[in-house]
Every structure is written in C-alpha cells, then in structure tokens.
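# Descriptive structure summary
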Amino acid sequence: MNLKQVINASGRMSILGVSTLSDVVLDGMAYGGKHYFEMEDLVTQSGQAVAGMLGTEAALIVNSASAGIALSIAGAIAKDKHQLVENIYAPAPQVQREILLMKGHNVDYGAPVETMIRLGGGIPVEAGYANGCRLEQLEQSISEQTAAVLFIQSHHAVQKNMPALDDVYALCQRYNVPLILDAAAEDHPQSYSERADVVIFSGSKALEGPTSGILAGKKTYVSYAAQHQKGIGRAMKVGKEAIFGLLAALQHYDARPRPAREQQEELMKLQELEAIPGVRVTIEQDEAGRPIYRGRIHVDEQEAACNALTLVARLKEGNLAVYTRDYHANEGSIDLDLRPLQAGDLEKIIAKVKQILGGA
Ligand SMILES: *Cc1c(COP(=O)(O)O)cnc(C)c1O
C-alpha cells in the first residue's frame, strides 16, 4: 500500500478514520479478538453494560451510528410483528412506515439521513423548509401513518428557526409517537438519556472508540430494534473486538476539554503566519458554543499567493496531507481543530502553509 501521511486538523471526520485509538481501547479490542464468546450473550450483556453507563433502560452495541438509525427505524415500523423482521420491505398496507423529520435535519453526513430511513424500511416525510420549521408544522405532519419522528442533533443540521429537542419530545409524547434521536457525534452521551425514546451515538466520534455505534433508550424500542439483528441488521453485524473496544472507550470516556487557556496558548503559535502577506489569524470558539477553540486562518485573496479554497486543496497535496475545517473556505478562511492533532503536527501545518503561501 502507498498511503499518504495524514494530519487531521478538521475535527472528527469519518473520511479520515474519525479518531486514533488509545491503548486502553486497543487492549479491549485485543481481548475481544483473542477469546471466544457466546455471541448472543455478549451482545445482550454488553448492551446492559452500556445502558448502565448511559443511564438508559436498555442499549445495544451496533457497528455504526448509521446502523443504529436503520435498526431503530426498522424497529419502530415492525414493532412486535415478528414476520416483518425477516420481511421488512414486504408490502404490508396496514403497517405504519412514515418517518417524520424536519427538512433542515435531512442532511448528508457522508450518507444521506434519508437513505438510512429507507434502509430501515421507512418512508421519509419532511416537515418545514430548508431554513426552518415551526413546531406547529411538525405537529400538522403527524398522521395515522407516522411510525416515528427522527431528530438529528448535529452541526450538519440547520440550527436556526428549529424547535428545540425537548419541545419535539414533548410533542411526540402527546401524540404517542416514538422519538428517535441521532446524536452520533455529540459529547456527553448521558445528557441525552431521557430526551428521546431511542438515542444513537457513533462509537468512533466523540466517544473515541473503534468503528461501532450505540442504540440506547427505552427497553421496548431497543428490543424492537434488536430483533432486526436477524433481519437487515445481519449486514451491520458488530464484531466482538469492537464491542470490547467500545466498552473500554466508554469506561474511560472523559468529555472534559483542555482548559480554554491551554487551547488558546497552543493556537497562539499560528500567529507567526501573520508575517505572510494577506494572512490574518484569529481564535474562534466552537459555533455550537462548546468550550472548544479553533484557529482561523483568514486569507485575503487580493494580497495572498492564493485564496482559501486553493489553500485547502494544496494542503492535501503531496505526501503529507493536511485536512482542515473548510466550512468557511468559500468566504476566505479555514479553521484548525487542535483535538485530533498529535505532538508536532501544528508545527508541520504551519510549515506547509508557509510553503504554499510564501514566507517559508
Ligand atoms: C457521523 C454521523 C452519522 C453516522 O455515523 P457512523 O458511525 O459513521 O455511521 C450519523 N449522523 C450524524 C449526525 C453524524 O454526524
């Protein structure tokens, strides 16, 4: 193989392999890999352990958050109708299949949310508009055909002019419709335990575990979803090594970010880039208000050797590929997320920027 060395300054991104694994996680995976288990027991008991750690009634470890979405949708559709488990796509006119979500939540996180709904046998029904939705619009879209409401808690989703999660859950409870919450990339998983009927996390994002996912929540809905391990879930099977790796990650999970002062001091190193004509550096707090700080490199295309979009592309060229957070690149700036960086990476990024923009 001839793979590039990658520096990830973009955050936790699936296209780069999300996170590097700590020794405790790798030890967990090695333990899982080196032993035999009665797999059904392992899946059941590891689910109980996860539920204990998250404070939910039940949980199931799956192989990705995407699988968690598809399985919980399939569960909400088939409920206790066992014949539907092996036949989730079979026409069954009396079965409710509509999955209601706000249009601004129907995003592409690397795969479209809508595709996971269909994978689970659901039919997506959107409420509201691309730039907003009112709670009444969501309410008016609930019908006899609604099997569940899906809420995407994510920076990918539209944030402005959207009803809050807790208001949506209250609405669902009034109509007796289950709420499935995709919180794939969110920190503090325990804080979501009471805020939906089912909540889904990616094991490899904020939790920094191996490629895996968690589906947790009310016992009824988790067991509805779990049945589909003998249906579509077979194509999403989780391995024993991933189960032990994820358990180790959860046991050592620590969402405390580095102190703001420390993050800011580290980012000050970027100031030497201001010696390059057309470059300015600022420190920005996370757009969702989390205590995470990122360096922002502003590139003035009149004065600098190239614009921010070209800088992004050129940073990825060569044997050392640097990935940045590019959400504002078309407005002339790129962001650097310190969290995934390893010792010496920031210096390498600075050197590469200088090489591209001059000043090396
Ligand atoms: C990453 C992500 C997913 C998918 O997670 P995987 O574990 O990669 O399947 C789903 N939803 C959201 C909002 C995400 O950010």
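Refer to the structure printed above.
Residues numbered from 1 in each chain as written. Predicted model: local features only at pLDDT ≥ 70, side-chain atom pairs only at ≥ 80, totals over all residues. Heavy atoms only, no water.

Turning our eyes to something else, we now look at the overall build of the chain. Secondary structure summary: the chain contains 12 helices and 12 strands in total. Taking 21 Å as the expected radius of gyration for a compact globule of 360 residues, we find that the chain reaches 22 Å, a close match to that expectation. Dimensions along the principal axes, computed over C-alpha positions, put the chain at roughly 70 × 50 × 40 Å. Counting all 360 residues of the chain, 51% fall into the buried class. Considering only contacts in the chain between residues 6 or more positions apart, those separated by 24 or more positions represent 69%. Split by element, the accessible area of the chain, about 17600 Å² in all, is 49% carbon and sulfur. (Helix = DSSP H or I, 4+ residues; strand = E, 2+ residues; numbered from the N terminus. Rg over C-alpha atoms; globule rule 2.2 N^0.38 Å. Buried < 20%, exposed > 50% of the residue type's maximum accessible area, 1.4 Å probe, protein only. Contact = heavy atoms within 4.5 Å. Areas by Shrake-Rupley, 256 points an atom, 1.4 Å probe, with all protein chains shown as cover.)

Looking now at the sheet that holds strand β12 (residues 333-337). If you walk across this open sheet you meet the three strands as β9-β10-β12, and the pairing is antiparallel. Each end of this open sheet is capped by a strand with a single partner; those strands are β9 (279-285) and β12. Neighbour to neighbour, the strand axes of the sheet diverge by 25° on average, direction disregarded. The sheet contact formed by β9 and strand β10 (residues 293-299) spans seven bridges and is antiparallel. When the bridges of β10 are listed, Glu 284 appears paired with Arg 294. (Pairing = 2+ DSSP bridges. Axes fitted to C-alpha atoms, helices over the stretch in contact; angles between N-to-C directions.)

Right, let's talk about unusual backbone geometry for a bit. Peptide bonds are, in most cases, trans, and in most cases residues other than glycine have a negative phi. Even without glycine at this site, Asn 176 takes up a positive phi of about 60°. Mapped onto the secondary structure, Asn 176 falls in the loop between α7 (165-175) and β6 (179-182). Given a relative accessible area of 69%, Asn 176 falls into the exposed group. Positive phi values are uncommon outside glycine, yet His 188 reaches one of about 50°. With respect to the helices, strands and loops of the structure, His 188 is situated in the loop between β6 and β7 (198-202).

On to the pattern of salt bridges, then. In the structure shown here, the tally under the stated rule is 19 salt bridges. The salt bridge partner of Glu 114 is Arg 118, with a shortest N-O separation of 3.6 Å. In this pair, Glu 114 and Arg 118 both sit in helix α5 (residues 113-119), four residues apart, roughly one turn of the helix. For Glu 114, a relative accessible area of 29% corresponds to the partly exposed category. (Salt bridge = Lys/Arg side-chain N within 4 Å of Asp/Glu carboxyl O.)

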